[in-house]
Each structure stands twice: as structure tokens, then as C-alpha cells.
Amino acid sequence: MGQLPGEKGIPPIFERPLAKRFRREITGESPITDRLPKEGRRCRHNLIYWNNGEYLGLGAGAFSYTGGIRQGNIKDAREYIALTEAGKSAVAESEQLDEKKTRAETVMLKLRLSDGVSVEEMKTGLEEDAALELTEKIRKWAEIGLINKHGGHISLTEKGMLVSNEIFKEII
């Protein structure tokens, strides 16, 4: 396991404001604008995405994720309208997610939520050696303050949010 940026230290001036802002704006778990929920509430709409649930996107540039397929519509509104009025598909890109990729995305997304992801869910499908290695990584990250452990779940700390991509590389 390589050295994570959090082990070297993040300048304190960047730690709290950036991590809090990220969690607030992206997950909708805390208020920052009037478009987000009030204190103590959550934006259920955003949680669909952050829990890797299915959703249907309609219109130019919209994305959908159903049945393990992620697809995006053509971005140009005129072209989108012309195609749909002609009874043709307006899908510009499509990707079938296999079980491994779906699992990886679910873990990556849920780790950013305050509820986090179940450690057991993370270990599902792993060989015994890989599960033990993951347990050791979790212990190390908790020790250096990059993740929180709570009730069988883990989530990124504010400090962990700042180095989340490095953590995801280690997990996935």
C-alpha cells in the first residue's frame, strides 16, 4: 500500500472548509443554499445517486441508470427534439456496468455519505486474503484519521474527503 497524502499532512487551512463544502454541495446532507434541505434533513433526490440507485433522465444531456446500464442523451436540444419527434433514439452514449464495476461505484459513492458503506458489503465477493487486506487498510485509515468507523460501516472523515481518490484506488 502506497503512502496516502493524508499521511504527509494536509495544510489545516484547507481541511475543514473544503471537505465540509464538498459533502454539503455534492450529497445534499447539510444546508449551503436554499436548494438544499434544511438542517437535520437530507435531499432524498441526491441520495438516489449517492446510493447508486436507479434513475431516469429525460431531455437533452440527461443521464439515466437502469438495469445496470448508464446512458446519456445527446446534449444539443434541437437535435434531441428532432430525433425524439422522429421516433428515433436520442442516446449518445451507453455503458453496461458489470457486477465488479457496479460494486466499485457503489462503494466509492457511499463512502462519501455520512452513513457510509457497510464493511460487509465491501467484502462481498472478495477472496479471504483480499478481505483481510481490506480490513487492514480500514484499520490504518481510521488510525490516521481518514475514515470513521461506526456500527459496521465506514465513511470518509473531512480529512479523508480531501484524499478520497487515493483511498478509492486502494479499495477498488
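Residues numbered from 1 in each chain as written. Predicted model: local features only at pLDDT ≥ 70, side-chain atom pairs only at ≥ 80, totals over all residues. Heavy atoms only, no water.

A count of helices and strands for the chain gives nine helices and six strands. Every one of the 172 residues in the chain was classed for burial, and the buried ones make up 36%. Of the contacts formed within the chain by residues at least 6 apart in sequence, a portion of 46% connects residues at least 24 apart. When the accessible surface of the chain is totalled, it reaches about 10700 Å², and 51% of it is carbon and sulfur. (Helix = DSSP H or I, 4+ residues; strand = E, 2+ residues; numbered from the N terminus. Buried < 20%, exposed > 50% of the residue type's maximum accessible area, 1.4 Å probe, protein only. Contact = heavy atoms within 4.5 Å. Areas by Shrake-Rupley, 256 points an atom, 1.4 Å probe, with all protein chains shown as cover.)

The next subject is the sheet that holds strand β5 (residues 147–150). In any sheet, the strands associate via hydrogen bonds between backbone groups, in a parallel or an antiparallel arrangement. Pairing is antiparallel in the open sheet, where three strands are placed in the order β4-β6-β5. Edge positions in the sheet fall to β4 (117–118) and β5, since each has one partner strand and no second. Relative to strand β6 (residues 153–156), β5 is paired through four bridges, and the arrangement is antiparallel. Counterpart to His150 in the pairing with β6 is His153. (Pairing = 2+ DSSP bridges.)

Let us now look at the environment of Leu134. In this fold, Leu134 is placed in helix α7 (residues 128–143). Since its relative accessible area comes to 6%, Leu134 is described here as buried. The sequence separation of Leu134 and Val119 amounts to 15 residues, and the corresponding C-alpha distance is 9.1 Å. With near-sequence residues (within four places) excluded, Leu134 lies in contact with Met122, Lys123, Leu126 and Ile171.

Attention shifts here to the sheet that holds strand β1 (residues 63–66). What the three strands build is an open sheet, ordered β1-β2-β3; its pairing is antiparallel. The strands lining the two open edges of the sheet, one partner per strand, are β1 and β3 (91–96). When strand polarity is set aside, the average angle formed by the axes of neighbouring strands in this sheet is 15°. As judged from the four bridges shared by β1 and strand β2 (residues 69–73), these two strands associate in the antiparallel manner. Counterpart to Phe63 in the pairing with β2 is Gly72. (Axes fitted to C-alpha atoms, helices over the stretch in contact; angles between N-to-C directions.)

Let us look at the pattern of salt bridges. Opposite charge on two side chains makes pairing possible when the charged atoms of those side chains draw close. Taken as a whole and judged by the stated rule, the model has nine salt bridges. Salt-bridge contacts for Glu133 lead to Lys137; the nearest nitrogen and oxygen are separated by 3.3 Å. Placement of the pair is Glu133 and Lys137 together in helix α7, with a separation of four residues, close to one helical turn. Residues Lys137 and Glu170 are paired through a salt bridge, measuring 3.6 Å at the closest nitrogen-oxygen approach. In this pair, Lys137 is assigned in helix α7 and Glu170 in helix α9 (residues 164–171), connecting sequence segments 33 residues apart. One salt-bridge network, held together by shared partners, links Arg70, Glu95, Lys101 and Glu105. (Salt bridge = Lys/Arg side-chain N within 4 Å of Asp/Glu carboxyl O.)

Across all of its chains, the model carries two aromatic pairs by this definition. Taken together, a centroid distance of 4.7 Å and an interplanar angle of 85° make the contact between Tyr49 and Tyr55 edge-to-face. The exposure class assigned to Tyr49 is partly exposed, which follows from its relative accessible area of 32%. Judged by centre distance (6.3 Å) and plane angle (45°), the ring pair of Tyr55 and Tyr65 falls under tilted. Taken together, the positions of Tyr55 in the loop between α3 (44–50) and β1 and Tyr65 in strand β1 put the pair ten residues apart, joining distant regions of the chain. Using a relative accessible area of 21% as the deciding quantity, one classes Tyr55 as partly exposed. One aromatic cluster is present, built from ring pairs that chain together Tyr49, Tyr55 and Tyr65. (Phe/Tyr/Trp six-rings, centres within 6.5 Å; stacked < 30°, edge-to-face > 60°.)

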